[in-house]
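Observations on the three-dimensional arrangement
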Amino acid sequence: MSKEIIYTISIYTENNIGLLNRVSAIFQRRHINIESINSSISEIENVTKWTILVEVTEEQMKKVIGQIEKQVEVIRAYYHTDDEIIYQESCLFKMKSDLLFETPQIQNIIKENNAQLVTVNKDFFVIEKSGRKEEIETLYNALNTYEILQFTRAGRIAVSKERMEISKMLNLFNA
Amino acid sequence: MKETQTINKQKEDLSSTKRLSGAEAIIKCLLAEGVDTIFGYPGGAIMPLYDKLYGYQNQLKHVLTRHEQGATHAAQGYARISGKCGVVTATSGPGATNLVTGLADAQIDSTPMVCITGQVASHLLGTDAFQETDIVGISTPVTKWNHQITKAADIPSVLAKAFYIAKSGRPGPVLIDITKDAQFEEFDFSYQKCNHIRSYVPVPETKSGSIKAAAELINNAKKPLIVWGQGVILGEAEAEFKAVIEKAGIPSAWTILGASALETSHDLNVGMVGMHGNYAPNKLTNECDVLIAIGMRFDDRVTGDLSRYASQAKVIHFEIDPAEVNKNVKADVAVLGNVKDTLAKLLPEINATNHNAWLQEFKDLYAIELEKVINDDLKPEVAEITMAEVIEQINIQTDAKAAIVSDVGQHQMVACRYAKFKETKSNITSGGLGTMGFALPAAIGAKIAEPNREVVAIIGDGGYQMTIQELGTIFQTKTPVKIVVLNNEFLGMVRQWQQLFFDKRYASTEMVNPNFVKIAEGYSIEAKKVVKREDLAQAVEDMIKSKDAYFLEVMVGKENNVFPMIPTGASVSEIRLE
C-alpha cells in the first residue's frame, strides 16, 4: 500500500446546481475527508473551477479522479502534488484592539510574517495573511500566545505549473 | 426573394412551436423519444401530468403498478429485454423515495431508465411542504444524472438530455424532478433531440495501438480465457463477439449479467464465473495466460480474493467506462470504446486458430462438476424436488427460448446456472445490487415490452413477498407472465451461509408462509402448487401452455445448498464443490 499524501484536485465543471453534492458524494462514499474546498469562476466563461484538498494514496486518487470525470457535467479533473502547483491559502485573525496598542510584539509579528492589517477600530482589529500552509501556521502559533477572538482560514486555491488545456478541449467538444 | 424566404422560414418556425402546458410538453417529449409505455403511480404533485396523460391514452400506455418500486423494476425489465429506455413517473415525497431502490439497481446494472417525479410548487421548495422531499439530493449517488425543473420552458431541453444520457455510453438511470407549477405553466413548445453535451464523452476514444497490442497478446496466448459481461448485450455486439471467439477458438465464460449473449450450447461457452459459477472457468481463471475481459467490471462476486485473481495472466480489458479500467484488476492492455466497434476492429487482427487441448481442460473439469454437483441437482436421489429440476423442466417446455427473470438468492444462482439460453437478452436479474423483489415487477415490464416472448419469473418465497402486490398489476393489465415460486420456506441463501459460516444458527431465516395459491387466485390468476416430483413436468407444461398469467409454486428441499461456491475471501481457484 502506497503512502497517503496531500493532493490538490482541480475540477473544471459546468456551473449547475447539485453538482457539488454529486462530486462530494464520491469522497463520502469512499470515506475520504475533504481537507478544504474552493469553488470559483475560471479563466473560461461559464466554466467553474473547484480546488479540493485531500489526503489519500496515489492509487485512491487515480480512482477518485476517474469517478469524478465520469460525472456528466464535469469537464475535466486533474490531481497534483504540492510541487506541481503554485498555491495560496489565506486566513483572518480577529483580536482585541488593546493588544495592538499595548503589546509591541504584535506589530512585529505582523511585519515579520508579511501579514496585513485589514481594519482597526476601538474594540478589535483584523489581520489578513495569504501564503503557504506553513506560513499561516507560523503566524497562527505566534499570535496564539495572545488571545485570538476569531480565526478562519479559506480553502486552498492553486494554479498548475503545467498547462491545463481546458479551452482547447472545449473547442474540440464544440467542433 | 430573400425576404420572402425569411418570412416563410419564420412561419415554419412558428408552426413548429406550440403553446402548451409543461405537463403536456412532458408527454410530447416522451412521444418524440419514441416512448410508448410508462410505468408509474399518480399523486398530488404529478397530477397535472396524469391529467394530460388522460388525453393521450391511445399513444402512451400507462401501466399502474401497485408501488413505485414496482414501477422502477418493471421499467428495468422493459429496458433489459428490449434495449429501449424504461420510463417511470411518480409523485413527490414518498412516491419519489420509493424509486430509490430501483434507481440504485439500474445504476449498478447499467440499465437505461428515465424517472420523472412531480415536486411541490417551486415557491414551497425548502419549506417542508406536504410531500416535499429533496429527491434530487437523495437520488444523486444512485443516478447517472439528475436535475430539477422549476420552469416549463426548461422541460424539452432537459428531457432531451435525460434520454440522451440514460441511453448513451454506459447506460444508466436519470431522474428529472419537475415542480407542480412548472407542469401547469404554459410556454412555446418545440423539441429537439440531444446528441451532444460538451462536458460528456459517452464513448471514449480507442487509443491507437491498443487493438494491435490486444491482438498480439491474444495471438501469442497458449491458454487464453475470455470473461464477458453485460457490455456485449448493451453494446449489441453479440455477432462481433461470436465472430472473435470462434476465429480465435477461445474458451469463453460469462458473468450473470452477460448470460445469454452467446447460446448456452456453444462449444466455446464454458459457463459462468463467480461465487456460484461453474467449476472450470473459476478454477482455470488462475491458470490462463491471457485473460480477456469484455464489457465486464470485475465485481467482487466474480473475482473472489483480488490478490489471488488471475495474477499469473496478462489482462486485456475491453471497456466503455474508463473509470472501470484498473479499478479492481490492473489491465496490461485497456481497449476503450464500445465493444461492438472494438471487437469488429479486433477481428481482422487475430489469427484463426483453436485451443483444443486447453478447451479440453474445461471439459474435464466440467465432468467433475457434473459428477459431484450437477447430477445431484438434476437427477437427485432424494424425494425432495430440487430447484434445478424445475429450471430444467422450463428449459424443456419452452425449448430454452424463454426470457428468465430471476429474483435474488439461491434460486437466482440455480436459474442462472441451469437455464439454457438460445436468444440474447434472456437473462434478466438484479446482479450488482441484489434486490430481492426485483423479479415479479421486472417480469411484468419484460412481457409488456416483448409480448411475443415467453417470460418466466423465477422467485424465492422470500423475494416474492417483497413485491407480491404487483400481482394486482398483472390482474389489471392482464399481462400473461408466468410466475414460478421455488418455496423452501427459508431465506435460503442466508440460511446456507448460516449453515456454512455461522454454526447453523438460523437466525430469522425460516419463513412461515401464507397460502400462495389462494393469494394468486384472489387476483384471478390460475395457480397450482406442486409437492411431488411426478407432478412437476405436467405442472410446468400446463403453465407454459396457458395463454394467461399463471402462478406455479414448487415446494423444494428446505435445506439444499447451492454449489459450487467460492467462500468470501477465498480465491476463485479455491472453489468448493461440496
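Residues numbered from 1 in each chain as written. Chains lettered and ligands numbered in written order. Predicted model: local features only at pLDDT ≥ 70, side-chain atom pairs only at ≥ 80, totals over all residues.

A word on the overall build of chain A
Threshold: The helix count covers DSSP runs of H or I at least four residues long, the strand count covers runs of E at least two residues long, and both are numbered beginning at the N terminus. Every C-beta atom is placed from the backbone, and the number of other C-beta atoms within 10 Å of a residue's own sets its class: buried at 20 or more, exposed at 12 or fewer, partly exposed in between. Two residues qualify as being in contact provided that their C-beta atoms, derived from the backbone, are within 7 Å of each other.
Helix and strand counts for chain A come out as six helices and nine strands. For chain A, buried positions account for 23% of its 175 residues. For chain A, contacts bridging at least 24 residues in sequence account for 75% of all contacts bridging at least 6.

Observations regarding the domain arrangement of chain B
Residue and element names in this part refer to chain B. Cut-off, in case you're wondering: These domain limits were set by an automatic method or by a database of domain assignments. Residue classes follow a fixed rule: Ala, Val, Leu, Ile, Met, Phe, Trp, Tyr, Cys and Pro count as nonpolar, while Asp, Glu, Lys and Arg count as charged, and any other residue, Gly among them, counts as polar.
Partitioning chain B into domains gives domain 1 (18–189), domain 2 (210–361) and domain 3 (385–559). For domain 1 and domain 3, the distance between their C-alpha centres works out to 30 Å. The interface is formed by 26 residues belonging to domain 1 together with 26 residues belonging to domain 3. Put simply, the parts of the chain that give the side of domain 1 that touches domain 3 at least two residues each are strand 2 (37–40), strand 3 (61–64), helix 4 (68–82) and helix 6 (100–108). With 11 residues, helix 4 is the largest single contributor of residues to the side of domain 1 that touches domain 3. Class assignment for the residues of the side of domain 1 that touches domain 3 results in nine nonpolar, 12 polar and five charged.

Some thoughts on the packing of helix 4 of chain B against helix 6 of chain B
All names here are of chain B. Defined as follows: The convention used is that axes are lines fitted to C-alpha atoms, helices contributing only their stretch in contact, and that angles between N-to-C directions extend from 0 to 180 degrees. Should an angle fall under 35 degrees it is called roughly parallel, over 145 degrees roughly antiparallel, and 65 to 115 degrees roughly perpendicular, with every other angle called oblique.
Their axes nearest at 7 Å, the elements helix 4 and helix 6 cross at an angle of 25°. It follows that helix 4 is roughly parallel to helix 6 by the angle criterion. Residues Gln 69, Thr 72, His 73 and Gln 76 of helix 4 lie in contact with helix 6, whose contacting residues are Thr 101, Gly 102, Leu 103, Asp 105 and Ala 106. In terms of residue class, the contact of helix 4 with helix 6 is made up of two nonpolar, six polar and one charged.

Observations concerning the interface of chain A and chain B
Residue-level contacts link 17 residues of chain A with 15 residues of chain B. Counting only elements with at least two residues in the side of chain A that touches chain B, the list comes to helix 1 (19–29), helix 2 (58–70), strand 4 (74–80) and helix 6 (166–174) of chain A. Classifying every residue of the side of chain A that touches chain B gives six nonpolar, five polar and six charged.

Brief notes about the nonpolar core
Selection criterion: Connectivity within a nonpolar core runs through C-beta atoms within 7 Å, and the core itself is a set of buried Ala, Val, Leu, Ile, Met, Phe, Trp, Tyr and Cys residues.
Val114(B), Ile316(B), Ala457(B) and Val484(B) are the most contacted members of the largest nonpolar core, which totals 181 residues. The element that contributes the greatest number of residues to this core is helix 19 (residues 439–449) of chain B, accounting for eight residues. When sequence neighbours within four positions are dropped, the list of residues in contact with Val484(B) reads Val390(B), Val456(B), Ala457(B), Ile458(B), Ile459(B), Leu552(B) and Val554(B). Among the nonpolar cores identified, the runner-up in size contains 18 residues, and Tyr12(A), Leu53(A), Val54(A) and Ile65(A) belong to it.

Brief notes about the environment of Val530(B)
Residues and elements named next belong to chain B. Assignment of secondary structure puts Val 530 in strand 19 (residues 526–530). Taking the C-alpha atoms as reference, Val 530 lies 53 Å from Asn 219; in sequence the two are 311 residues apart. Filtering out sequence-adjacent residues up to four positions away, Val 530 remains in contact with Asp 535, Leu 536, Ala 539, Leu 552, Val 554 and Met 555.

Quick look at helix 19 of chain B
Buried residues dominate helix 19 of chain B, accounting for 11 of its 11 residues. Buried within helix 19 of chain B are the following residues: Ala439(B), Leu440(B), Pro441(B), Ala442(B), Ala443(B), Ile444(B), Gly445(B), Ala446(B), Lys447(B), Ile448(B) and Ala449(B).

Things to note about the domain arrangement of chain A
Considered domain by domain, chain A is made up of domain 1 (5–80) and domain 2 (88–153). Placing the centre of domain 1 of chain A and that of domain 2 of chain A at their C-alpha centroids yields a distance of 31 Å.

Describing unusual backbone geometry
Residue and element names in this part refer to chain B. Following Phe 563, the chain continues into Pro 564 via a peptide bond in cis, with omega recorded as 0°. Mapping Pro 564 onto the fold places it in the segment after strand 20 (550–555). Even without being glycine, Ser 260 reaches a positive phi, approximately 85°. Of note, the phi angle at Asp 399 is positive, near 55°, even though the residue is not glycine. One can find Asp 399 in the loop between helix 17 (387–397) and strand 15 (403–406).

Section: the pairing of strand 20 of chain B
Residues and elements named next belong to chain B. This is how the line gets drawn: Pairs of strands are assigned from DSSP output, requiring at least two bridges between the strands. With strands facing away from the observer, any crossover in which the path from the first strand over the helix to the second runs clockwise is taken as right-handed.
Burial runs high along strand 20: five of the six residues are buried. Bridge analysis of strand 19 against strand 20 gives five bridges, and the strand direction is parallel. Residue pairing across strands places Ala 527 opposite Phe 551, the latter belonging to strand 20. In this view, the connection linking strand 19 to its parallel neighbour strand 20 by way of helix 24 (residues 536–545) has right-handed handedness.

Regarding the sheet that holds strand 2 of chain B
Residues and elements named next belong to chain B. With parallel pairing, six strands are arranged side by side in an open sheet as 3-2-4-5-7-6. Each edge of the open sheet is held by one strand with a lone partner, namely strand 3 and strand 6 (145–149). Within this sheet the neighbouring strands show an average axis-to-axis angle of 20°, counted without direction. Sheet analysis places strand 4 (residues 86–90) next to strand 5 (residues 113–119), joined by five bridges and oriented parallel. Bridge pairing links Val 87 to Val 114 in strand 5. On the sheet, helix 8 (residues 155–167) packs against strand 5, strand 6 and strand 7 (173–179) and is oriented at approximately 165° with respect to strand 7.

Let's talk about the packing of helix 2 (residues 22–32) of chain B against helix 8 of chain B
Residue and element names in this part refer to chain B. Applicable threshold: Handedness of each helix crossing follows the sense of rotation of the near helix against the far helix: counterclockwise by less than a right angle gives left-handed, clockwise gives right-handed.
Contact geometry of helix 2 with helix 8 gives a least axis separation of 10 Å together with a crossing angle of 35°. Taken as a pair, helix 2 and helix 8 cross one another with a handedness that is right-handed. Counting all contacts with helix 2, which are made through Gly 22, Ala 25, Ile 26 and Cys 29, the residues of helix 8 involved are Ile 155, Pro 156, Leu 159 and Ala 160.

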